Amino acid sequence: GSLLSASFLDLTNTNAGGITLAGFASAGTVLSLSSDGNVTETGTLAAATLTGSGVAGSVELTSANNNIGTLGAYSLTGNALGLVDQSALTIAGPVNANSASIATTSSLTLTGSLSTTGNLILSGTSLIALNGFVDAGNVLALQSPGSITETGTVIAADLTSGTITDGSVILTDAFN
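Note on numbering: residues in each chain are counted from 1, in written sequence order. In view of the model being predicted, local features appear only for residues whose pLDDT reaches at least 70, and side-chain atom pairs are presented and counted only at 80 or more, with totals across whole chains, interfaces and linings using the full set of residues. In computing side-chain values, all of the structure's heavy atoms are included and hydrogens and water are not.

Trainee: Looking at this structure, I do not really get the overall build of the protein. What am I missing?
Mentor: For the protein, the helix and strand inventory stands at 0 helices and 19 strands. Out of the 176 residues in the protein, the part that is buried amounts to 47%. The contacts in the protein between residues at least 6 apart in sequence include a share of 3% that link residues at least 24 apart. Note on areas: Shrake-Rupley, 1.4 Å probe, and residue coverage restricted to the protein chains presented here. For the protein, the exposed area adds up to about 7300 Å²; of that, 54% sits on carbon and sulfur atoms. Helix numbers and strand numbers start at the N terminus; a helix is a DSSP run of H or I with at least 4 residues, a strand a run of E with at least 2. Under the scheme applied here, a residue whose accessible area is under 20% of the maximum for its type counts as buried, over 50% as exposed, and between as partly exposed, the area being computed with a 1.4 Å probe on protein chains only. Contact between two residues is taken to exist if any of their heavy atoms lie within 4.5 Å; hydrogens are not considered.

Trainee: Would you explain the side chain of Ser-123 in this entry?
Mentor: Within the secondary structure layout, Ser-123 lies in strand β14 (residues 120–124). By relative accessible area, Ser-123 is classed as buried at 14%. At a separation of 2.9 Å, a polar atom in the side chain of Ser-123 contacts the side chain of Gln-143. Not counting chain neighbours up to four residues away, the residues in contact with Ser-123 comprise Ile-102, Ala-103, Thr-104, Leu-108, Ile-128 and Gln-143. Polar contact criterion, stated in full: a pair of N or O atoms within 3.5 Å, where within protein one must be able to donate a hydrogen and the other to accept it, and residues adjacent in sequence count only if both atoms are side-chain atoms.

Trainee: Is there a simple way to think about the environment of Ser-147 in this case?
Mentor: Within the secondary structure layout, Ser-147 lies in strand β17 (residues 147–150). For Ser-147 and Ala-129, which are 18 residues apart along the polypeptide, the C-alpha to C-alpha distance reads 8.2 Å.

Trainee: Looking at this structure, how should I read the nonpolar core?
Mentor: Looking at soluble globular proteins, one finds that nonpolar side chains tend to be buried together. Note on terminology: a nonpolar core comprises buried Ala, Val, Leu, Ile, Met, Phe, Trp, Tyr and Cys residues joined through side-chain atoms within 4.5 Å. One finds Leu-33, Leu-50, Leu-71, Leu-81, Ile-91, Ile-102 and Leu-122 to be the most contacted residues of the largest nonpolar core, which totals 39 residues. Each residue touching Leu-33, except ones within four places of it in the same chain, is listed here: Leu-11, Leu-21, Val-39, Leu-50, Thr-51, Gly-52, Ser-53, Leu-61 and Tyr-74.

Read these as spatial facts, not as claims about activity.
This is how it looks when you write it as structure tokens:
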């Protein structure tokens, strides 16, 4: 596969063809992916911060080997976001999408805002901490064998959680 590596890596495609990352893409600070088509990967991403935007396509970055520190500003007009990460992930946002599925094999911490018009699935194997603003237009599914905590604001038509085996669910904000 190919290798893309830079301190700041900005990949932009303004036609419907999209972006496919077939090898290893690494950005020491920011990896920005903006496309009017789909953004997919068959390789691995590594970046301190991932940002991007899209108008006509979905984003599916679902390699189990991805290593993203922070999901920054990402705006998808009417489209889906799928992200899988192998490390602790902070969602600083703002992130806006039609629907989203964000999973990490470590902890997932929301410090900014995350909004969907459809379903939102958040998965963390050790902890999900909702310290920012979550607005799921339909179902918010929280999946973690560890604890789920919330000190921010959660808005959802329906709230579901998977099996909690080693932790607890604590949703305490008065604005829920």
